[in-house]
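Observations on the model geometry
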Amino acid sequence: MPHRVPVRQHLGWPRSDGPDEGGTGADGSDFWLPIEEVHWDGTPIRVEQSAEDGRAASAVRARARRRTRPRVLRQRDPLPGLAGLLGLSLLAAFFAWVSAEPFWLAVGHATTGTVVGECTGSGLTQRCRGTFVAADGRFVAHGVRIGGLDAEDQPTVTAVPARMTGPEGTTAYADRGATMHLRWLLGFGLVAACATGIARVTGTAGLDGRRARRWAITAAAGGPLLVTVGFLVTAF
């Protein structure tokens, strides 16, 4: 294989007097360039043109790789999401349970009467239980919890006015007015916060597709809502 080839001069190609560009020198002799510096038709390779062509080809290849590169989705660890779902669901159920009876009492579904009992413990560990007697004598509920007592009514509860939702109720409430509304408003607000937390920890907001994301968020909020409705029906 030859290592050098003669240079062919084309029209419009600048001639050079030196041997570096190939062609005919000052003494009329032909100069031979290395074969890797000459095109197949005998014209020399222009260094600046090949560099520009190389950069353009690299840009085209880069764009092609970006178009054909598959999208890699980061998979989330399901364990934190499941743990958060379970914990927040239990909290939502608890808040719905303790808020159901105060809601019915606040809207007027109540039976008035008196409660007699006693309290044990102090502070957050205090527990009060007694017997509720309806004012119209329809029923007597034994061993019910007593809520909303004033300090002077403790530790012995003697004929304190109270209200219950009915004979199947579990708590007799001695407080009235804004305090009763605060009980159910705070509880239902915490249920809504748990529903938002479920949607957050399970990653429903990051799903692909608007329809799938909408259904997932509806399911996350619908679970605590259905639990709340169930407790309201039970406490009625």
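Look up a bit, the structure's there.
Since the model is a prediction, treat every value here as computed from it, not as a measurement.

Contact geometry for helix α2 (residues 78-106) and helix α4 (residues 210-235): axes closest at 8 Å, N-to-C directions at 40°. Between α2 and α4, the crossing angle belongs to the class labelled oblique. In the packing of α2 onto α4, the handedness of the crossing is right-handed. Contact residues: α2 offers A92, A93, A96, W97, A100, E101, F103 and W104, while α4 offers P224, V227, T228, F231, L232 and A235. Residues that form the contact of α2 with α4 fall into these classes: 12 nonpolar, one polar and one charged.

This part takes up the pattern of salt bridges. Inspection of the entire model under this criterion finds one salt bridge. Of the charged contacts in the structure, one is a salt bridge between R138 and D136, with a shortest N-O distance of 2.9 Å.

Okay, the side chain of E101 next. By the element assignment, E101 lies in helix α2. Here E101 sits buried without a salt bridge, and the closest side chain of opposite charge, R145, lies 6.1 Å off (N-O distance). Residues contacting E101, with those up to four places away along its chain left out, are T165, G169, T170, T171, Y173 and A235.

The next point concerns a nonpolar patch on the surface. A cluster of nonpolar side chains, namely F94, W97 and V98, defines an oily patch on the protein surface of about 280 Å² accessible area. Assignment of secondary structure puts V98 in helix α2. Take V98: its relative accessible area is 34%, and that puts it in the partly exposed class.

It is worth spelling out the pairing of strand β5 (residues 127-134) at this point. Alignment of strand β4 (residues 111-120) against β5, held across eight bridges, turns out to be antiparallel. Among the inter-strand pairings, V115 is bridged to a residue of β5, identified as F132. Turn length for the β4-β5 hairpin, with the two strands adjacent in sequence and antiparallel, is six residues, and the turn residue G121 shows positive phi of about 80°. Both β5 and strand β6 (residues 140-147) contribute to a ladder of four bridges, which runs antiparallel. Across the sheet, residue R129 finds its bridge partner in β6, namely R145. In sequence, β5 turns back onto β6 through a hairpin of five residues, with G137 there showing a positive phi of about 75°.

Criteria and thresholds
- Residues numbered from 1 in each chain as written.
- Predicted model: local features only at pLDDT ≥ 70, side-chain atom pairs only at ≥ 80, totals over all residues.
- Heavy atoms only, no water.
- Axes fitted to C-alpha atoms, helices over the stretch in contact; angles between N-to-C directions.
- Helix = DSSP H or I, 4+ residues; strand = E, 2+ residues; numbered from the N terminus.
- Parallel < 35°, antiparallel > 145°, perpendicular 65-115°, else oblique.
- Left-handed = near helix turned anticlockwise from the far one by under 90°.
- Contact = heavy atoms within 4.5 Å.
- Nonpolar A, V, L, I, M, F, W, Y, C, P; charged D, E, K, R; others polar.
- Salt bridge = Lys/Arg side-chain N within 4 Å of Asp/Glu carboxyl O.
- Buried < 20%, exposed > 50% of the residue type's maximum accessible area, 1.4 Å probe, protein only.
- Lys, Arg positive; Asp, Glu negative; His and termini not counted.
- Patch = residues over 30% accessible without salt bridge, like charges linked within 9 Å, V, L, I, M, F, W, Y side chains within 5 Å.
- Areas by Shrake-Rupley, 256 points an atom, 1.4 Å probe, with all protein chains shown as cover.
- Pairing = 2+ DSSP bridges.

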